[in-house]
Amino acid sequence: MLSYVVPSGSASRPFVVSPYHADEKGVFVPDLPTCCIHWNPGGEACDLVVDHLRERMTGPQFPLTVMRCRAHECAFTVYPPGHVPYGRHRVAPVDLDGLATGPIGQPLHWRWTLFDAALDAAEGRAWDRACKGGSDWWWCSQGRLLSLSLDLVGVAPEQSLDLRHQLSEALAVDTLTMLEGVAGIAAQPGYRSRGQAVVAVLSAIPRQGVLDRVLRAGWLAERWGPPLRWESSLGVLRPLAFSSSGTDPPR
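For every chain, the first residue of the written sequence is number 1, and numbering continues from 1 onward in sequence order. Given that the model is predicted, a residue must reach a pLDDT of at least 70 before its local features are reported, and side-chain atom pairs must reach 80 or more before they are shown or counted; all residues, however, enter totals for whole chains, interfaces and linings. Side-chain figures throughout are based on the complete set of non-hydrogen atoms in the structure, without hydrogens or water.

Student: Tell me about the packing of aromatic side chains, and please be specific about residues and values.
Tutor: The rule is short: rings of Phe, Tyr and Trp, with Trp giving its six-membered ring, pair when the centres are within 6.5 Å, and they are stacked under 30 degrees, edge-to-face over 60, tilted in between. Counted according to the given criterion, the structure contains four aromatic pairs. Centre to centre, the rings of phenylalanine 15 and tyrosine 79 are 6.0 Å apart; their planes meet at 90 degrees, and the pair counts as edge-to-face. You can see phenylalanine 15 sitting in strand β1 (residues 15-17) and its partner tyrosine 79 sitting in strand β6 (residues 74-79), a full 64 residues away along the chain. Summarising the aromatic geometry, the rings of tyrosine 20 and phenylalanine 62 are spaced 5.3 Å apart at their centres and angled 45 degrees between planes, so their arrangement reads as tilted. Of this pair, tyrosine 20 sits in strand β2 (residues 20-22) while phenylalanine 62 sits in the loop between β4 (48-54) and β5 (64-69), placing them 42 residues apart in sequence. Both residues of the pair, tyrosine 20 and phenylalanine 62, count as buried. Members of the aromatic cluster, each reached through a chain of ring pairs, are Tyr20, Phe28 and Phe62. For helices the rule is a DSSP run of H or I covering at least 4 residues; for strands it is a run of E covering at least 2, with both sets numbered from the N terminus onward. Here the term buried applies to any residue with accessible area under 20% of the maximum for its type, exposed to any over 50%, and partly exposed to those in between, with areas from a 1.4 Å probe on protein chains only.

Student: An account of unusual backbone geometry is needed here, citing residue identities and associated values.
Tutor: Notably, tyrosine 86 is not glycine yet its phi reads approximately 65 degrees, a positive angle. Here tyrosine 86 lies in the loop between β6 and α1 (116-122). Phi is positive for alanine 172, close to 60 degrees, though the residue is something other than glycine. Residue placement: alanine 172 occurs in the loop between α3 (161-171) and α4 (175-187). Owing to a relative accessible area of 38%, alanine 172 belongs among the partly exposed residues under this scheme.

Student: An account of the confidence of the model for the chain is needed here, citing residue identities and associated values.
Tutor: The predicted model of the chain averages 88 in pLDDT, with 88% of residues at 70 or higher. A score from 0 to 100, pLDDT tells how confident the predictor is in each residue. Per-element confidence in the chain ranges from a low mean pLDDT of 92 for strand β8 (residues 236-239) to a high of 98 for α4. Of the regions scoring below 50 in pLDDT, residues 1-9 engages in 29 contacts with residues more than four places distant in sequence or in other chains. Throughout, a residue-residue contact means that at least one pair of heavy atoms, one from each residue, lies within 4.5 Å. Every residue in residues 244-251 is under pLDDT 50, and counting partners more than four places away or in other chains gives 14 contacts.

Here it is as structure tokens:
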């Protein structure tokens, strides 16, 4: 069953994203960070080791590397670009290097991401309520993913205008597009109008930096913790929970 559940407290825990590559044996391994989630400039140096590999039944379909810092007594999973804690689907249409997939100059292709539920809803395709032999596409799962999608792109009717403005900046989409989506949901309540509101925003998100934008939006919407991107060329974990203009995330 496709689902997305965010356990209590997960929206406050930082997580690390780093590119994964296949080694000479075909095993996917990440660019390993040299500092942990608790490192501070001028503070105690990290002492990192690979603790173990965590098998995944869903998501990237290969084991994820878990690292342990013996100096700061913490452990953290290294997630490939496009994946987040407790997620079963990619959150953005990117490859394992974090680059947008599909032809340059063409609209972003959001299929095979968590936004599948919204794409189908926009076209009036309801997932199965009952299916002989079972199904991977259940109505209840579509509802959960659609709710998540509404939050991420700023068209959830209950969101405040202030939060919508922050999501607008994070996604580089005009707030008016979000407000038009909310108005459409109010005028014709239902799963189709909700899907159409999500798709309108997705269609407006720029290709450049799409992963960072969605990760920042998820943090603003309190759907996951603050994302940290490992940049091996600089040797830093770059926080993505802040926009380029310096706008602070919600406290």
